[in-house]
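This is what each chain is made of:
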Amino acid sequence: MTGATDIRPPVIETHALGKVYSAGTEAEVIALHAVDMCIRHGEFVAIMGPSGSGKSTLMNLIGCLDTPTSGRYHCDGVDVATLDREQLAELRRDKIGFVFQGFNLLPRMTAIENVAMPLGYARVPNDARHERARAALEAVGLGNRGGHRPSELSGGQQQRVAIARALINRPPVLLADEPTGALDTKTGEEILALFKRLRDDGHTVVLITHDPEVAAHADRTFVMRDGELHEEAPYDTRVRPAPGGDA
C-alpha cells in the first residue's frame, strides 16, 4: 500500500560485527571490524570490494555460514547468537536463499528437480514440491525448461534455475555471491534485471560483487575496505567537480 510504513524489523541488522582469525597469535588477521549495517525488507543492496577486503567474510556471517568473533547479528528479527546448530540450519533454510557464481546445479537432475530439491529437506509432500518448483521456474522465465538438464541450458538459464531454487522456500533474503561473474555482459544484465523484478515483488536482494558496474544496479551500495564497511552515497548526490573545474 502506498504510503504505508513497514513496521517489521530489518531483515538484516548488524551491530559492531567483527571477525578475527587466529586471535591472540602472531598470525592474527582482523577480517571484519565493527560492521554496522541495516537492510530492510524489499531493498536491493550491493556489497562491493576487492579480493581480501572482507566482503566474503561478511557474506558468510550474513548467511549464517560462520559465526562472528564480536558484535551482534539479527536476521529477520532473530538474534542468531541465541541459536544452536540445528536452529541455525533451519534459519538458513527458511530465511536465506543462496545464489553463487558457479550455479551449483546437479547435472543428472532436470531443472525442475534441481529447484524442488530444497523442499525435500523441508519435508514438503512430493506433489506439492513439483507444483511449487514449476511456479518458481515460471517466476524466473523458465516455465518451458523444467524438463531440461543443466547441460541443455545456457549459462544464463542455469543461473535462473539457481535463483528459482534459492527462492523455493520463500525466504525473505536472497544472498547472491558474484551471480553474474560467469556470464557474458548481456546475460548478466538480464540476471540483474531479474533481481530488480524480485525486489519489486518484495524480496530483499543482497548482492556481493567486486564490479562497480554490477553494484550500480542496486538501490544502495556498501563498500568493504580493509575489513570496514562504508555506505556510498547515491551517484547523483555525490560531490562532482563544477563545469570547467579540476577533476
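In case you missed it, the structure is sitting above this.
Residues numbered from 1 in each chain as written. Predicted model: local features only at pLDDT ≥ 70, side-chain atom pairs only at ≥ 80, totals over all residues. Heavy atoms only, no water.

Bringing unusual backbone geometry into the picture now. With a phi angle near 50°, A34 is a residue other than glycine that sits in the positive phi range. Mapped onto the elements of the fold, A34 is located in strand β2 (residues 29-39). By relative accessible area, A34 is classed as partly exposed at 41%. The backbone phi angle of D76 is positive, close to 55°, even though this residue is not glycine. Along the chain, the position of D76 falls in the loop between β4 (70-75) and β5 (78-79). (Helix = DSSP H or I, 4+ residues; strand = E, 2+ residues; numbered from the N terminus. Buried < 20%, exposed > 50% of the residue type's maximum accessible area, 1.4 Å probe, protein only.)

This part takes up the sheet that holds β2. The sheet built from 4 strands is open, its strands ordered β2-β1-β4-β5 with antiparallel pairing. Lying at the two open borders of the sheet, with one neighbouring strand each, are β2 and β5. The pairing of β4 with β5 spans 2 bridges and is classified as antiparallel. Bridge assignment links C75 to a residue of β5, and that residue is V78. Against the sheet, helix α1 (residues 55-62) makes contact with β1 (12-21), β2 and β4, and its axis sits at roughly 55° relative to β2, the strand it touches most. (Pairing = 2+ DSSP bridges. Contact = heavy atoms within 4.5 Å. Axes fitted to C-alpha atoms, helices over the stretch in contact; angles between N-to-C directions.)

Okay, the sheet that holds strand β6 (residues 96-100) next. Sheet strands pair via backbone hydrogen bonds, and the direction of the pair is either parallel or antiparallel. Reading across the sheet, the 6 strands line up as β6-β7-β8-β3-β9-β10 and stay open at both edges, with mixed pairing between neighbours. At either margin of the open sheet sits one strand with a lone partner, and together these are β6 and β10 (228-232). Averaged over neighbouring strand pairs, the angle between their axes works out to 20° when direction is ignored. Here 5 bridges tie strand β7 (residues 173-177) to strand β8 (residues 204-209), and the two strands are oriented parallel to one another. Counted as the bridge partner of L175 is V206 from β8. In this fold helix α5 (residues 155-167) packs onto β6 and β7, with an angle of close to 165° to the strand it touches most, β6. Along the sheet face, helix α6 (residues 185-200) touches β3 (44-48), β7 and β8 and points at about 135° away from the line of β3.

At a closest axis distance of 10 Å, the pairing of α5 and α6 adopts a crossing angle of 20°. The orientation of α5 relative to α6 falls into the category roughly parallel. Handedness of the α5/α6 crossing: right-handed. Residue-level inspection shows G156, Q159, R160, I163 and L167 of α5 in contact with α6, the latter providing T187, E190, I191, L194, F195, R197 and L198. Among the residues forming the contact of α5 with α6, the class breakdown is 6 nonpolar, 3 polar and 3 charged. (Parallel < 35°, antiparallel > 145°, perpendicular 65-115°, else oblique. Left-handed = near helix turned anticlockwise from the far one by under 90°. Nonpolar A, V, L, I, M, F, W, Y, C, P; charged D, E, K, R; others polar.)

Attention now goes to the pattern of salt bridges. For the structure on display, the rule yields 8 salt bridges. One salt bridge in this structure joins D200 and R199, with 2.6 Å as the shortest N-O distance. Residue class for D200 comes out exposed when judged on its relative accessible area of 57%. Residue classification places R199 among the buried positions, given a relative accessible area of 17%. A salt bridge links R220 to E231, with the nearest nitrogen and oxygen atoms 2.8 Å apart. Pair noted here: R220 is in strand β9 (residues 220-225) and E231 is in strand β10, with a separation of 11 residues, a long-range link. What makes R220 buried here is its relative accessible area of 18%. For E231, a relative accessible area of 45% translates into the label partly exposed. Within the structure, one salt-bridge network assembled from shared partners comprises E43, R220 and E231. (Salt bridge = Lys/Arg side-chain N within 4 Å of Asp/Glu carboxyl O.)

Spatial relationships are all this shows, so hold off on functional conclusions.
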